[in-house]
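One letter stands for each residue in the lines below.
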Amino acid sequence: MVRQLSVLVHLLAAMAWVGGMFFAYFCLRPAAAQVLQPPQRLPLWAATFRRFLKYTAVAVMLILATGLGMYMESGARNAPVGWHLMMTLGFVMAAVFAYVYGILYPELRDHCAAADWPAAGKTLNRIRQLVALNLALGVATVVAAISPRF
């Protein structure tokens with residue numbers, strides 16, 4: 001029962017994180033660029049990140065805790081190859097997330113507060129690139145999860 005609960009929490013948290021990145025990248029980003037000018041669009045992103053990154057921080061902690069728990073329960077030697085890859089990718093994704101949340105998001109927020117739209121735009125572009133990276137890594141993690149030796 002504990003294992004099933006761990007898997008459920010792990011999957012729900014991963015869905016929230018990766019699904020949120022997909023929505024932001026492929027839906028919100030093009031729509032905001034289409035209908036809003038930088039003085040409206042950039043504060044929208046700062047406000048969106050204020051909410052999304054808090055939820056994502058919880059999701060990341062849950063993913064790492066449940067993933068490590070299941071990994072340690074099975075033992076590194078007994079863990080399928082896909083688990084090793086998932087754990088490696090998960091730590092890389094968590095590091096990218098920490099950089100966005102701890103460094104780039106405050107920078108975006110500060111540039112928006114100062115109405116420095118060119119600087120805010122550059123920061124948002126860096127965030128966009130890292131979201132694309134994490135989204136690709138998230139997809140690779142799912143592929144690792146369904147690898148034949150999983």
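Because the structure is predicted, anything quoted here is derived from the model rather than measured.

### Quick notes on the environment of Met21
- Mapped onto the secondary structure, Met21 falls in helix H1 (residues 2-35).
- A relative accessible area of 3% places Met21 in the buried class.
- Spatially, the C-alpha atoms of Met21 and Ala120 are 19 Å apart, while their sequence positions differ by 99 residues.
- Those residues within four positions of Met21 in sequence are excluded, and the remaining contacts are Phe52, Met93, Val131, Asn134 and Leu135.

### Some points on unusual backbone geometry
- Despite not being glycine, Ala115 shows a phi value in the positive range, around 55°.
- In this structure, Ala115 sits in the loop between helix H3 (81-113) and helix H4 (117-145).

### Quick word on the pattern of salt bridges
- Taken as a whole and assessed by the stated rule, the structure comprises two salt bridges.
- Of the charged contacts, one joins Arg126 and Glu107 as a salt bridge, the two residues approaching to 3.3 Å between their closest N and O atoms. Taken together, the residues Arg126 in helix H4 and Glu107 in helix H3 connect sequence positions 19 residues apart.
- Among the residues examined, Arg126 registers a relative accessible area of 33% and is labelled partly exposed.
- For Asp110, the salt bridge identified is with Arg109, shortest N-O distance 3.8 Å.
- Note on Arg109: relative accessible area 38%, which makes it partly exposed.

### Here we look at the nonpolar core
- Counting residues in each nonpolar core, the largest one holds 33 residues, and the members touching the most others are Trp17, Trp45, Phe49, Leu108 and Ile127.
- Contributions of two or more residues to this core are made by H1, helix H2 (38-74), H3 and H4.
- Leaving out residues up to four positions away in the same chain, Trp17 has contacts with Phe52, Thr56, Val60, Ile63, Met93, Ala94, Phe97 and Asn134.

### Notes on H2
- The terminal C-alpha atoms of H2 lie 50 Å apart, and with 37 residues this matches the ideal 54 Å at 1.5 Å per residue to within 8%.
- The largest bend along H2 measures about 25° and falls at Phe49.
- Two residues or fewer past H2, Gly75 is found with a positive phi of approximately 90°.

Cut-offs applied
- Residues numbered from 1 in each chain as written.
- Predicted model: local features only at pLDDT ≥ 70, side-chain atom pairs only at ≥ 80, totals over all residues.
- Heavy atoms only, no water.
- Helix = DSSP H or I, 4+ residues; strand = E, 2+ residues; numbered from the N terminus.
- Buried < 20%, exposed > 50% of the residue type's maximum accessible area, 1.4 Å probe, protein only.
- Contact = heavy atoms within 4.5 Å.
- Salt bridge = Lys/Arg side-chain N within 4 Å of Asp/Glu carboxyl O.
- Core = buried A, V, L, I, M, F, W, Y, C linked by side-chain atoms within 4.5 Å.
- Expected span 1.5 Å × (residues − 1).
- Bend = angle between axes of the 7 residues up to and from the residue.

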